[in-house]
Amino acid sequence: MTNSALNTPMVGSLRDLEFRLGAKRDELRELLKSRSALYRPYTIRKKQHPYPGKERRKKAQTEPVKYRKIDDPVRQLKDIQSRILRKILSKAELPAFMFGAVSGKTLLLHAQEHIKNQTTTVVRMDISSYYPSITCSHVYYVWRDVLACPPRIAKLLTELTTYGQHLPQGAPTSPAIANIFLASIYAPVCLASEQKGLTITTWVDDLIFSGKDARDVMETVRKVLAQNGFKMAPRKREIMGPKTEKVITGGRLGGRQVRAPHQKMSELRASIHRLSTSYPRPKSTAIVATLLAESHIFSQSAKKTGKSLYRLPRKRA
């Protein structure tokens, strides 16, 4: 792990921690005595398109249903974690290449970083089981070595922000801790990318590289992540060549701006058409709300087409 600790501790003493969290140290320790009861894990089915097109339906028939595990903290712990995020973690300065779970940064801004390289190569790599792969040791390292907290404070904060020996999915603190840890080990990747003249960005567990020699850093990325306990998701890896449509976090790289992907636009038009011709009409407004939301997102990048799509579901609702 690369040591990039702060010059001064993020939290210098237990009294400082008590002040920031609005809770006494004994209250925190008492809360942690029942750690097994502080989370209510459950699984949810991964999102599916409300009106899938031909390709999506065909794919769904051959692949098993996928579920996502959520480690849901109880209200009392979630309130403490929200204060940790607001009063401590949000103060940490992240590198400019990080976009996911960073205040003020959006999917559109993330994709725009790569516009200048849309005629070259774009590589997308994905970390498999991202949060479960970030262990208590990793989190303690963030608190103790990166954020320079004294050992007993680092231990207490680690206990408050982990579950089942890993970073919990669904805790308010998890995205920020994951970003800080990834930033702390990413120096070799940044150096290799800089030497190749590449643009690099991250969106949570999505790692994007663009430029003529983007392929050349893939092995460096794999080695750095493997050294820190991560595995890549080979099925999610994409290499988009100069003549390939390049879609980054849902946005297509156009000549001068981010646009809606061609396939997504076709699916959205088909969904709106099916909604307008279906009988009986859906009793729930969830489908209309989904189409409105997607149309609104596209109207931010491809304004002319997006706005026309945005009006259609309103007429059909």
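Residues numbered from 1 in each chain as written. Predicted model: local features only at pLDDT ≥ 70, side-chain atom pairs only at ≥ 80, totals over all residues. Heavy atoms only, no water.

Attention now moves to the nonpolar core. Leu 17, Trp 143, Leu 147, Leu 207 and Phe 209 are the most contacted members of the largest nonpolar core, which has 63 residues in total. If one sorts the elements of this core by residue count, helix H9 (residues 174-185) sits on top with 7 residues. The residues touching Leu 17, leaving out its near neighbours within four places in the chain, are Val 11, Leu 28, Ile 88, Ile 153, Leu 156 and Leu 157. (Core = buried A, V, L, I, M, F, W, Y, C linked by side-chain atoms within 4.5 Å. Buried < 20%, exposed > 50% of the residue type's maximum accessible area, 1.4 Å probe, protein only. Helix = DSSP H or I, 4+ residues; strand = E, 2+ residues; numbered from the N terminus. Contact = heavy atoms within 4.5 Å.)

Let's shift gears to the packing of helix H4 (residues 75-87) against helix H8 (residues 151-161). Taken N-terminus to C-terminus, the directions of H4 and H8 make an angle of 125°; their axes are 10 Å apart at the nearest point. By the angle between their axes, H4 is oblique relative to H8. The handedness of the crossing between H4 and H8 comes out as left-handed. Seen from H4, the contacting residues are Leu 77, Ile 80, Gln 81 and Ile 84; seen from H8, they are Leu 157, Leu 160 and Thr 161. Considering only residue class, the contact of H4 with H8 consists of 5 nonpolar, 2 polar and no charged. (Axes fitted to C-alpha atoms, helices over the stretch in contact; angles between N-to-C directions. Parallel < 35°, antiparallel > 145°, perpendicular 65-115°, else oblique. Left-handed = near helix turned anticlockwise from the far one by under 90°. Nonpolar A, V, L, I, M, F, W, Y, C, P; charged D, E, K, R; others polar.)

Moving on to the sheet that holds strand E9 (residues 251-253). Taken in spatial order, the 3 strands of this open sheet run E8-E9-E10, and their pairing is antiparallel. Since the sheet does not close on itself, it has two edges, and those belong to strand E8 (247-248) and strand E10 (258-259), each with one partner. When E8 meets E9, the two strands line up antiparallel, connected through 2 bridges. When the bridges of E9 are listed, Val 247 appears paired with Arg 252. (Pairing = 2+ DSSP bridges.)

With respect to the helices, strands and loops of the structure, Leu 160 is situated in helix H8. For the pair formed by Leu 160 and Lys 78, sequence separation is 82 residues and the distance between their alpha carbons is 9.6 Å.

Its place among the elements puts Gly 250 in the loop between E8 and E9. Sequence spacing of Gly 250 and Pro 261 is 11 residues, and the spatial spacing of their C-alpha atoms is 7.3 Å.

A side chain with one charge may pair with a side chain of the opposite charge, provided their charged atoms come close. With the rule as written, the count across this model stands at 15 salt bridges. Between Arg 40 and Asp 72 there is a salt bridge, with its nearest N and O atoms 3.4 Å apart. One end of the pair, Arg 40, is in the loop between helix H2 (25-32) and strand E1 (42-45); the other, Asp 72, is in the loop between strand E2 (67-70) and H4, with 32 residues separating them in the sequence. The residue Asp 79 makes a salt bridge to Arg 75 at a minimum N-O spacing of 3.6 Å. Placement of both Asp 79 and Arg 75 in helix H4 is noted, with a separation of 4 residues, approximately one turn of the helix. Beyond isolated ion pairs, a larger network of salt bridges with shared partners links Arg 124, Asp 126, Asp 206 and Glu 238. (Salt bridge = Lys/Arg side-chain N within 4 Å of Asp/Glu carboxyl O.)

With that settled, the discussion passes to the packing of aromatic side chains. Summed over the entire model, instances satisfying the criterion amount to 6 aromatic pairs. Ring centres of Phe 181 and Phe 230 lie 5.9 Å apart, and the angle between their planes is 55°; on these two criteria the pair is classed as tilted. Residue Phe 181 is found in helix H9, and its partner Phe 230 is found in the loop between helix H11 (218-227) and strand E6 (231-232); the two are separated by 49 residues along the sequence. Like Phe 181, the residue Phe 230 is buried in the burial classification. What links up through ring pairs into an aromatic cluster is the set Tyr 130, Tyr 131, Tyr 141, Phe 181 and Phe 230. Above the plane of the ring of Phe 99 lies Lys 105, whose end atom (NZ or CZ) is 4.4 Å from the centre. (Phe/Tyr/Trp six-rings, centres within 6.5 Å; stacked < 30°, edge-to-face > 60°. Lys NZ or Arg CZ within 6 Å of the ring centre and 35° of its normal.)

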